[in-house]
Amino acid sequence: MGYDKSDDASVYKISEDTAVINTTDFFPPIVDDPYLFGQIAAANAISDVYAMGGVPKLALNVMTVPKSLDMDTVREILRGGYDKAMEAGVIITGGHTINSEEPIYGLAVTGFVHPDKVLSNSAARPGDALILTKRLGTGIITTAAKADADMVDSQVLESVYAQMATLNKYAAEVMADFDVHSCTDITGFGLVGHACEMAMGSATSIHIQAEGLNYYKDAMEFADMGLIPAGAYNNRDYTKGKVLNESGIPLALEDILYDPQTSGGLLIALPMDQAEACLKRMAAAGVTACKAGFVTEADDYEIYIEK
Amino acid sequence: MKTVDARGLSCPQPVILLKKAMGSKENAYELIADSQTVVENCTRFAKSQGYNVSVNDNGGEFKLSITK
């Protein structure tokens, strides 16, 4: 894919009809429940393969554990990873664990894709619609939960955790039936950051229609209270000068656009006239999805934030 | 006046400390921070609680005056 376009994974063509996708991701615990953490870490690591249009098949555990961590916890993390991998149709064939001060878990994942069907994050075309799956705002909600768990409605928190553990598999399966031009998954750089990479890589501009996005409404309240992860401010800094926002949307909604996501959804660029049908199929497949905006010829800014 | 020293802390810790300090419901607080993120988050928290905030940047060390 080249090194200049910040794609989600590496792709290597091994024959006329098969290319190998390799990717890895891992991080320290973001939830207290080790089984859930294992699931989220696995869903997050596998996601890059879906974002590239591929089917994940094999994975290796990547893990560090402090000596103080009891074996039951370690087993629960791994069990979460195995169960999520199994749901994805991925076999974990081994891996490597070392001792370290901080626990870390993730996967190195191998997937396959037809060389002509590889989805890069830099092939959006003017006239495309953008579809976003999953809800935004999970970074802010988990930050609020870290500050004071009692502040966050338990149902909302459960929903956020369940979403982070949800595979992008189901969205990817729907996407495969449409003429998708470009795709990426939303993670640490937030919606604006990843959309900005797509716009730059594709030499286009992207208009984000903020009020139509799916996001956790409670995240607005927490953003107003300053419970915003440092990453959201970093994302704002990184994209400074590339974003024009004359929308007049509330600051808290703007924060949600920059909010870093763990195991976030897919951002999909496809022909405008296929967007409605794709959204309908997503809904039928139980995938939370919305129209996020559209793509135009390259203009003065990479990203235009609109109402 | 209560002072919250948030130097060396990362979010959301400073907001938690400020929130705890504000439990005493005084009219003025002071917060010392060493990152822009902490300044912005604590400013927003204080404003959400009905306070005014003025920031004094002392070469990378920030002093927030938080008053009713």
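Since this is a predicted model, take the numbers as computed values, not measurements. Per-chain numbering applies: the sequence of each chain, read as written, is numbered from 1 onward. Chains carry letters and ligands carry numbers; both start at the beginning, A for chains and 1 for ligands, and go up in the order they are written. Given that the model is predicted, a residue must reach a pLDDT of at least 70 before its local features are reported, and side-chain atom pairs must reach 80 or more before they are shown or counted; all residues, however, enter totals for whole chains, interfaces and linings. Just so you know, side-chain values use all the structure's heavy atoms and leave hydrogens and water out.

Moving on, we come to the interface of chain B and chain A. Note on definitions: a residue-residue contact is assigned when non-hydrogen atoms from the two residues lie within 4.5 Å. Across the boundary between the two partners, chain B contributes eleven residues, which contact 16 residues of chain A. Accessible area that two parts lose when put together, with a 1.4 Å probe and added across both, is what the buried area reports. Across the chain B to chain A interface the summed buried area is about 1,100 Å²; carbon plus sulfur atoms make up 55%. Interface area lost by chain B to chain A is led by Pro12(B), Asn41(B) and Arg44(B), which between them contribute 49%. When a carboxyl oxygen of Asp or Glu is within 4 Å of a side-chain nitrogen of Lys or Arg, the pair counts as a salt bridge. At the junction of chain B with chain A, the criterion picks out three salt bridges. Across the pair Asp255(A) and Arg44(B) runs a salt bridge, and its minimum N-O distance is 2.6 Å. In protein, a polar contact means a hydrogen-donor-capable atom and an acceptor-capable atom, both N or O and within 3.5 Å, with residues adjacent in sequence counting only if both atoms are side-chain atoms; elsewhere, any N or O pair within 3.5 Å suffices. Between the two partners, chain B and chain A, sit six residue pairs in polar contact (both at pLDDT 80 or more). Breaking the side of chain B that touches chain A down by element, the ones donating at least two residues are α1 (13-21) and α2 (36-48) of chain B. Labels follow the DSSP assignment, with helices taken as runs of H or I lasting at least four residues and strands as runs of E lasting at least two, numbered in each case from the N terminus. Considering each element in turn, the side of chain B that touches chain A owes the most residues, six residues, to α2(B). Residue type decides the class: Asp, Glu, Lys and Arg count as charged, Ala, Val, Leu, Ile, Met, Phe, Trp, Tyr, Cys and Pro as nonpolar, and the leftover types, Gly among them, as polar. Across the side of chain B that touches chain A, the residue classes tally to five nonpolar, three polar and three charged.

Nonpolar cores were defined as sets of buried Ala, Val, Leu, Ile, Met, Phe, Trp, Tyr and Cys residues, with membership established by side-chain atoms within 4.5 Å. Accessibility here uses a 1.4 Å probe with only protein chains present; expressed as a share of the type maximum, an area under 20% marks a residue as buried, one over 50% as exposed, and anything in between as partly exposed. The biggest cluster of nonpolar side chains holds 122 residues, and the ones touching the most others in it are Leu213(A), Ile303(A), Leu31(B) and Ile66(B). The biggest single contributor to this core is helix α1 (residues 34-51) of chain A, with eleven residues. Counting contributing residues per domain, this core is built from domain 1 (10-117) and domain 2 (128-306) of chain A, each supplying no fewer than three. If we skip the residues at most four places from it in the chain, Ile66(B) touches Leu18(B), Met22(B), Asn27(B), Ala28(B), Tyr29(B), Leu31(B), Ala46(B), Tyr51(B), Asn52(B) and Val53(B). Here the limits of each domain have been adopted from an automatic or database domain assignment.

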